[in-house]
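# Report on the structure
Single-letter residue listing:
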Amino acid sequence: MEATLEQAALRAPTLEQDQRDAAAFTGNSSRDHGGDAAEATRAPGSAPAVTSRISVQKVCSVVRKFGKFKRNLVEEIGFGGMLKIRMLTRLNLKFSAWLMERVESNELKIDEERILKIQDHDVEKVFGLPCGTRLISPDTPEPSEACIEFLRVSSNLSKGAHSLKAAEAYLLRDDINEDSSKVQIDCFKIAFLVFVVGHLLAPSTKYDYISIDFWAALNDTSRIKEFNWCRYVLEHLIRAVRKLKSDIRNRHKTIHLVGCHVFLQVFYLDNLDLGPLSKTWEGLPRISLFDYESVKKMTEMITNDVGGDTSFAGANVRLLPSSIFKHTFRCAQDVCQSHSEEPFIPETNQADIASDLPCHSPGFGGTEDQHSPINPMLRSSFTETGPEDFSNHLRLKYPSLVGHPLAAILEEHNARIMENISQISNSYQIAMFSFMDQLLGSISENRCCCRALGRTNCLLRSPHAIPGNAHRTPKKRKSQFYSTVTGRAIQQILGKHKKTRGNRTSKYALMVNDEQPLTSQSYIS
C-alpha cells in the first residue's frame, strides 16, 4: 500500500483544544474511566476538582476476555505484567495529586526525611514492563506492513489509529487465533500497546484518543522488548507533574491528571511500613498484589487532616530488600545505595513526547521554572490557622511527644502568643478610630479650606452625632482586650494625657490611666 503514517495519523491537537476537550468530558471522566465520582464535582470555595482519564478497570475488563493464544502474544512482547493487574474500580485522585505535587525530578519527596528515588527499574518491578537498552523516540520511520494494515483497519473500526475504541475492537476480534496471518498477529500486538498506553501507562486528557509517539517501537513487533518502556512511562509522568504544578499555580478550578499516577500510588504504598497491611516481599509485578480493597485500607491508614487539608504522610518508610526494588532510599542525610545505576533524569531539551503536553507552554519545558523545585502547595495556606492547627501539626510531626509535658508547654505558649496577637490587633484598631476622629475633628475646627471657599459648614464634620461609646468592637470580639504588652503599645501611640480645647474636654479623647486598664470600653464622652 502507498499509505504512510503521516497521511493516516490524525493531526496533533493544540493545548487549547486539549483543554477544551478535557473540560467537556469532566462530567463523565470519573464514571467511564475508573475515577472517584465524588472528586469530579466542586463545591464553591472548596479545593479544585480532580479528574483523570486513567482506567485500570478498562484494561482489566478487556484482558480478562483474552484466551490462551492472545495472552501468549502479550507475553511475547514483554507485557505479561499487564495480564496480572487486579481490578481497581476506583482510584483516589486526591491521593494521586498529592503524590504528584511531591515529585521533583527523579525523587518522590514526602518531607526532608522521607525521600524515595524513582528509577526505571521501579516501573519494571511495579508493572513488569520491558526495560531494554533502546530509547523510544517520537520519530516516525517508514511504516511496516503491519503498521499500515493497523491504520487501515482502525480507520474502518473507528476514528483511526489514535482511537482507543478502535484498538479495543481489534483486541476483541474472534478471528485472532492460531490460524491468523503474521500481519494480523502483529496488528494485535500493536493494538494492545496502543490500548494499554492510552488507558494506563501514558493517558492524556482527551476522550478516546492517544497521541502515538512510539511508532518507532512498533515498526518491528519482534523487537518491542528491546525498548525501554519504563523510561517512556516515567518521561510522561514527569511531564504530567509539571502540568499539575502549573495548574495549581494558575488556580485552575478543575485539574486533569495525566500520566501514570497509579504507579506512584503502588510505588509509595509498597514502600511504607503499614504493619499487617504491608505487602509481602514475594510477588512480581508488584501491582498484582494490590486490589481495590487493600489500596483503600492502606490509603485510609495514612490519611490525616492537617489544617483542613488532606495529607497522606501518616506512615514511616520501610527499607525494601534489593531483590524487590533496586531504588535508592534517602533518609535525612543517610543514603543506602542498593545498586550503582544512573538515576533517571528527564531530558528537558528533547523533542516533545506527547502532543497534548507541549514543551513550550507556560509551566512546562522551555521555561525557567521547570528546572526549579516547586514546594507542594497546601490549599489550606489561604485560610486562617489557630491553636488547633498547631496541636495537629505537633501530633503529626512529633507523635512521640503526645501526652508529654513538653507538648503541653508548647501548646500553652502558642495559645498565649495567639491571644496577645489578637489583643494587639484589636487595640491598634481602636486607637486608629480615635486617631481618625481627632485628626479630622482638628481640621474641621479650623475650617481654613471651607472658609476660603465661602462655605459655612465643613465637609469633614460628621452629619451624625457620635455617642461616647460609638466605636465598640464587634459583638464576636466584645471582650476585655488588655495585656501588659497591649497597654504599653497604646500608651506609646496615644500618650498618657487628655487633649483639651479651652475649658472642655475633647469628645473623642482616649483616657489611659495607670490605675485603669485600657479596654474596649475605655471611650468617654
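Cut-offs and rules
- Residues numbered from 1 in each chain as written.
- Predicted model: local features only at pLDDT ≥ 70, side-chain atom pairs only at ≥ 80, totals over all residues.
- Heavy atoms only, no water.
- Phe/Tyr/Trp six-rings, centres within 6.5 Å; stacked < 30°, edge-to-face > 60°.
- Helix = DSSP H or I, 4+ residues; strand = E, 2+ residues; numbered from the N terminus.
- Buried < 20%, exposed > 50% of the residue type's maximum accessible area, 1.4 Å probe, protein only.
- Lys NZ or Arg CZ within 6 Å of the ring centre and 35° of its normal.
- Patch = residues over 30% accessible without salt bridge, like charges linked within 9 Å, V, L, I, M, F, W, Y side chains within 5 Å.
- Areas by Shrake-Rupley, 256 points an atom, 1.4 Å probe, with all protein chains shown as cover.
- Salt bridge = Lys/Arg side-chain N within 4 Å of Asp/Glu carboxyl O.
- Core = buried A, V, L, I, M, F, W, Y, C linked by side-chain atoms within 4.5 Å.
- Contact = heavy atoms within 4.5 Å.
- Axes fitted to C-alpha atoms, helices over the stretch in contact; angles between N-to-C directions.
- Parallel < 35°, antiparallel > 145°, perpendicular 65-115°, else oblique.
- Left-handed = near helix turned anticlockwise from the far one by under 90°.
- Pairing = 2+ DSSP bridges.
- pLDDT = per-residue confidence, 0-100.
- Polar contact = N/O pair within 3.5 Å; in protein donor to acceptor, adjacent residues only side chain to side chain.

On to the packing of aromatic side chains. Counted according to the given criterion, the structure contains 13 aromatic pairs. Their ring planes at 70 degrees and their centres at 5.9 Å tell us that Trp 229 and Tyr 232 sit as a pair that is edge-to-face. Of this pair, Trp 229 and Tyr 232 both sit in helix α12 (residues 229–249), three residues apart, which is roughly one turn of that helix. The exposure class assigned to Tyr 232 is buried, which follows from its relative accessible area of 3%. Three or more aromatic residues link up through ring pairs in this structure, and these residues are Phe 79, Phe 214, Trp 229 and Tyr 232. Over the aromatic face of Tyr 209 sits the side chain of Lys 206, whose NZ or CZ is 5.8 Å from the ring centroid. The ring of Phe 290 is capped by Lys 279, whose NZ or CZ atom sits 5.4 Å from the centre of that ring.

This part takes up a nonpolar patch on the surface. A grouping of Met 432, Phe 435, Met 436, Leu 439, Leu 440 and Ile 443 is seen on the molecular surface, where their side chains present a nonpolar patch of about 530 Å² in accessible area. Position of Met 432 relative to the elements: it lies in helix α16 (residues 405–446). Taking relative accessible area as the criterion, Met 432 reaches 47% and is therefore assigned partly exposed.

This next bit is on the nonpolar core. Ranked by size, the top nonpolar core spans 100 residues in total, and within it Phe 79, Phe 127, Trp 229 and Phe 263 carry the most contacts. Broken down by element, the residue count for this core peaks at 13 residues, all from helix α10 (residues 182–201). Sequence-distant contacts of Phe 263, defined by excluding residues within four places in its chain, comprise Ile 118, Asp 122, Val 123, Val 126, Phe 127, Leu 234 and Leu 237.

Right, let's talk about the pattern of salt bridges for a bit. Tallied over the full model, the rule gives 16 salt bridges. Here Arg 173 and Asp 175 are joined by a salt bridge, their closest N and O atoms 2.5 Å apart. The class for Asp 175 is partly exposed, based on a relative accessible area of 34%. Salt-bridge contacts for Asp 270 lead to Arg 318; the nearest nitrogen and oxygen are separated by 3.2 Å. You can see Asp 270 sitting in helix α13 (residues 261–270) and its partner Arg 318 sitting in the loop between β7 (309–311) and β8 (329–331), a full 48 residues away along the chain. Classification of Asp 270 as buried rests on a relative accessible area of 1%. In this structure Arg 318 comes out as buried when scored by relative accessible area, which is 13%.

A separate point is the packing of helix α4 (residues 56–63) against α10. Between α4 and α10, whose axes approach to 8 Å, the crossing angle comes to 150 degrees. By the angle between their axes, α4 is roughly antiparallel relative to α10. Between α4 and α10 lies a crossing whose hand is left-handed. Residues Val 56, Lys 58, Val 59, Val 62 and Val 63 of α4 form the contact with α10, whose own contacting residues are Phe 192, Phe 195, Val 196, His 199 and Leu 200.

Below, the discussion takes up the pairing of strand β1 (residues 49–52). Along β1, one buried face is formed by Ala 49 and Thr 51 and the opposite face, lined by Val 50 and Ser 52, is buried too. For β1 and strand β5 (residues 254–257), the ladder comprises four bridges, and the chain directions are parallel. The residue of β5 that forms the bridge with Ala 49 is Thr 254.

A word on the environment of Glu 145. By secondary structure assignment, the location of Glu 145 is in helix α8 (residues 145–157). Taking C-alpha positions, Glu 145 is 9.4 Å from Cys 187, a pair spaced 42 residues apart along the chain.

Per-residue pLDDT for the protein has a mean of 74; in total, 64% of the residues score no lower than 70. Scored below 50 in pLDDT, residues 465–486 makes 34 contacts in the model with residues more than four places away or belonging to other chains.

As a further point, take helix α9 (residues 164–171). Where burial is concerned, most of α9 is hidden: six out of the eight residues are buried. Along α9, the residues that are buried comprise Leu 164, Ala 166, Ala 167, Glu 168, Tyr 170 and Leu 171. For α9, the elements touching its buried residues are α4, α5 (68–76), α8 and α10. Its side-chain oxygen placed 3.4 Å from the backbone nitrogen of Lys 165, Ser 163 serves as the N-cap of α9.

Between Leu 284 and the following residue, Pro 285, the backbone shows a cis peptide bond with an omega angle of -5 degrees. Of note, Pro 285 is situated in the loop between α13 and α14 (292–302). Residue Ser 105 is not a glycine yet carries a positive backbone phi of 55 degrees. One can find Ser 105 in the loop between β2 (103–104) and β3 (107–109). Positive phi, close to 55 degrees, is recorded for Asp 208, a residue that is not glycine. Take Asp 208: it is sitting in the loop between α10 and α11 (215–218).

You can see Ser 52 is positioned in strand β1. Relative accessible area serves as the criterion here: at 4%, Ser 52 is assigned to the buried category. Of note is the side chain of Ser 52, whose polar atom sits 3.3 Å from the backbone oxygen of Leu 257.

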